[in-house]
Amino acid sequence: MRLNQTIMNNEKEWIEKGYAIPLYDRRAVAEKTKSAPYWIHFGAGNIFRAFQANVVQNLLNERILDKGLIVAEGFDYEIIQKMNHPHDDLSILVTLKADGSVEKTVVGSVVESLCADTQNHEDFFRLREIFANTSLQMVSFTITEKGYLLTDGKGNTLSSVAADMENGPEKPKSYIGKITSLLYTRFQAGATPVAMVSMDNCSHNGNRLYEAVYAFADKWSESGLTEKGFKDYIGNSGKVSFPWTMIDKITPRPDPSIEEILKKDGVEETAPVITDKHTYVAPFVNAEECQYLVIEDDFPNGRPPLEKGGIIFTDRETVDKVEKMKVCTCLNPLHTALAVFGCVLGYDLISKEMKDDVLRRLVEEIGYEEGLPVVIDPGILDPKQFIDTVLNVRIPNPFMPDTPQRIATDTSQKLAIRFGETVKAYIASPQLNVSDLKRIPLVFAGWLRYLMSIDDDGTPFELSPDPLLDDLLPRMVGLSLGCDDNTEEKIEKRIRPVLENKNIFGVNLYDAGLAPLVCIYFREMLAGPGAVRKTLEKYV
Ligand SMILES: NC(=O)c1ccc[n+]([C@@H]2O[C@H](COP(=O)([O-])OP(=O)(O)OC[C@H]3O[C@@H](n4cnc5c(N)ncnc54)[C@H](O)[C@@H]3O)[C@@H](O)[C@H]2O)c1
Ligand SMILES: O=P(O)(O)OC[C@@H](O)[C@@H](O)[C@H](O)[C@H](O)CO
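Remember, it's a predicted structure, so these values are computed and weren't measured experimentally.

### Structural notes on the site of ligand 1
Around ligand 1, the surrounding shell holds 24 residues, and the nearest of these are Asn46, Glu73, Asp200, Asn201 and Thr251. Residue Ile47 places a main-chain N or O atom 3.1 Å away from an oxygen atom belonging to ligand 1. The backbone of Lys249 places a nitrogen or oxygen atom 3.1 Å from an oxygen atom of ligand 1. For ligand 1, whose accessible area on its own is 820 Å², the fraction buried by protein is 87%. Taken together, the residues of the shell around ligand 1 sort by class into eight nonpolar, nine polar and seven charged.

Dropping the structure here:
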């Protein structure tokens, strides 16, 4: 059984093996989509294939939509070359339910995949054609938090961004430079409206995308590299919107245990690949069943009826509340706490960590006691029920192959949103006292301990990728486990610049009054092998 367009002539075998297959004429859908695209997504990673692509598949099956999706990859072209093209853009979604049952779906809603690479003339020409088409209604993104960065950890403009700003929209190399250049194509083709929809886990993600794109438009306009009016098209015309969103569906990396299931069914060539840019991809994706996508309803060129596929459209204020609930308190902080301590305590599965009493108590206390008091009820999802499901059903699901190592990726980019917002809310509240926060500082100390890349038994382990490692790791040099030399002064001197960094924590932890506690916890975690667990048991 080969995963490519031939399955449409060989449906019986797939259906007999329990696969749901596309119930529409895929060739006809592809033809219509290519001639009048309405939705292009950037970031051909796992969440897109597990969530957005499957929503469109369901709507195609139900004849609510008659066009599919185009996907573009602007960072890791190997995904397109090694997964999309060899499989004719089909992928298998394996849904792992908490009762242990498994649902297998061949998703065929993606009908074209392109490398957003200005060196790849054919693909970039096609992207310009898509952006010039009046039919285009939405451009969405799952490109990770760092995809929107224009500067490095020290605040210096990235060299690719600086070069693109200097050279203009012709052949940019940076991600946002390419996106802004494509918007310039749309501007030149009649300045028709479009919605630019970030679906990444960053606070006010629409603003993050807007600010990055506007910085290019501003610079290019100022230097006369773009025609008059482009900057206003992006910033003031009301024609280009940047809605805010909240997306939620735990989508681990493709796991060998799931590959085994597919292999047993007779599916060929299912092996996952780790690309040179460290993306974990396979012809299949594995994900939980639960999913939420909440989008600010601001689509100046109209939009498909995605609400019929379960996507919630609402106002910006509600998205803000629901996103704060999920990303800042009820899910992602708990994930990050489990990620850093999981790596240090030698875990390779999040669900196993939930059987460890002290880790379970830690995330319950962060969620219910420290996070929940600052949550504003968004009205559309109940925060208490949400966190109950996260802690009792979703994270402990033993059938989900999610790992602390995946979630630990880019932690330096996530702490500000996942914990900093709560710290800020405590500082701002007349009723709450920031010094009551005891567990969040424990996670900060746990992250510093994680950065030493030595586990709690004293064995070295590999850190997950993070754009700030080059800045952060030198700070850890000279600190070692069980060393009498680890004086309070020495430790503080090393980590002070990190704790003061607002970009990392969202606040200066000294100004917030939390730094001394972080230093105490961190020092105790350095006492020797076993000290991390001992510290957790002492304080949680
Ligand atoms: N996986 C999940 O559980 C989940 C759930 C909700 C939201 N998200 C959001 O989606 C994002 C992607 O998740 P995924 O599961 O698809 O991950 P993935 O590792 O499968 O794919 C990552 C995608 O981001 C791109 N990317 C990586 N680094 C980049 C960079 N520096 N610049 C531009 N693009 C870059 C990759 O090329 C790829 O397209 C997450 O960072 C998160 O914001 C993920
Ligand atoms: O995807 P990231 O790297 O931003 O964060 C890792 C996880 O916390 C995240 O992917 C969750 O699984 C997701 O946010 C659940 O909806």
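### Looking at the site of ligand 2
In the neighbourhood of ligand 2, 13 residues make up the surrounding shell, with Asp248, Lys326, His335, Lys414 and Arg418 lying closest. For ligand 2, an oxygen atom lies 2.7 Å from a polar atom in the side chain of Lys326. Contact between ligand 2 and Arg418: an oxygen atom at 2.8 Å from a side-chain N or O atom of the residue. For ligand 2, whose accessible area on its own is 400 Å², the fraction buried by protein is 86%. Every element with two or more residues in the shell around ligand 2 is listed here: β10 (245-248), α13 (332-344), α17 (404-407) and α18 (411-428).

### Section: the UniProt feature "domain: Mannitol dehydrogenase C-terminal" (unreviewed entry) in the protein chain
Mapped onto the present numbering, the UniProt feature "domain: Mannitol dehydrogenase C-terminal" (unreviewed entry) falls at residues 319-511. Secondary structure across residues 319-511 comprises 59% helix and 0% strand; the distance between its end C-alpha atoms is 30 Å.

### Some details on the packing of helix α7 (residues 159-167) against helix α9 (residues 205-222)
Running from N to C, α7 and α9 cross one another at 40°; their axes reach a closest spacing of 8 Å. The angle between the axes of α7 and α9 places the two elements in the oblique class. The residues of α9 that touch α7, namely those facing Val161, Asp164 and Met165, are Ala215, Phe216, Lys219 and Trp220. Looking at side-chain class alone, the contact of α7 with α9 contains five nonpolar, no polar and two charged residues.

### Let's talk about the side chain of Asp466
Inspection of the secondary structure puts Asp466 in the loop between α19 (439-450) and α20 (469-476). This buried residue, Asp466, is left without a salt bridge; Lys414 holds the nearest opposite charge, at 7.8 Å. Reaching out from Asp466, the side chain makes a polar contact with the backbone nitrogen of Thr411 at a distance of 3.0 Å. The contact partners of Asp466, leaving out residues within four places of it in the chain, are Asp410, Thr411 and Ser412.

### Re the side chain of Glu296
Mapped onto the fold, Glu296 is located in strand β14 (residues 292-296). In this view, Glu296 contacts Phe242, Pro243, Trp244, Thr314, Asp315, Arg316 and Val319; residues no more than four positions away in its chain are not counted.

Rules behind the numbers
- Residues numbered from 1 in each chain as written.
- Chains lettered and ligands numbered in written order.
- Predicted model: local features only at pLDDT ≥ 70, side-chain atom pairs only at ≥ 80, totals over all residues.
- Heavy atoms only, no water.
- Near = heavy atom within 4 Å.
- Polar contact = N/O pair within 3.5 Å; in protein donor to acceptor, adjacent residues only side chain to side chain.
- Areas by Shrake-Rupley, 256 points an atom, 1.4 Å probe, with all protein chains shown as cover.
- Nonpolar A, V, L, I, M, F, W, Y, C, P; charged D, E, K, R; others polar.
- Helix = DSSP H or I, 4+ residues; strand = E, 2+ residues; numbered from the N terminus.
- UniProt positions renumbered as here; feature names shortened; annotations may be inferred.
- Axes fitted to C-alpha atoms, helices over the stretch in contact; angles between N-to-C directions.
- Parallel < 35°, antiparallel > 145°, perpendicular 65-115°, else oblique.
- Contact = heavy atoms within 4.5 Å.
- Buried < 20%, exposed > 50% of the residue type's maximum accessible area, 1.4 Å probe, protein only.
- Lys, Arg positive; Asp, Glu negative; His and termini not counted.
- Salt bridge = Lys/Arg side-chain N within 4 Å of Asp/Glu carboxyl O.

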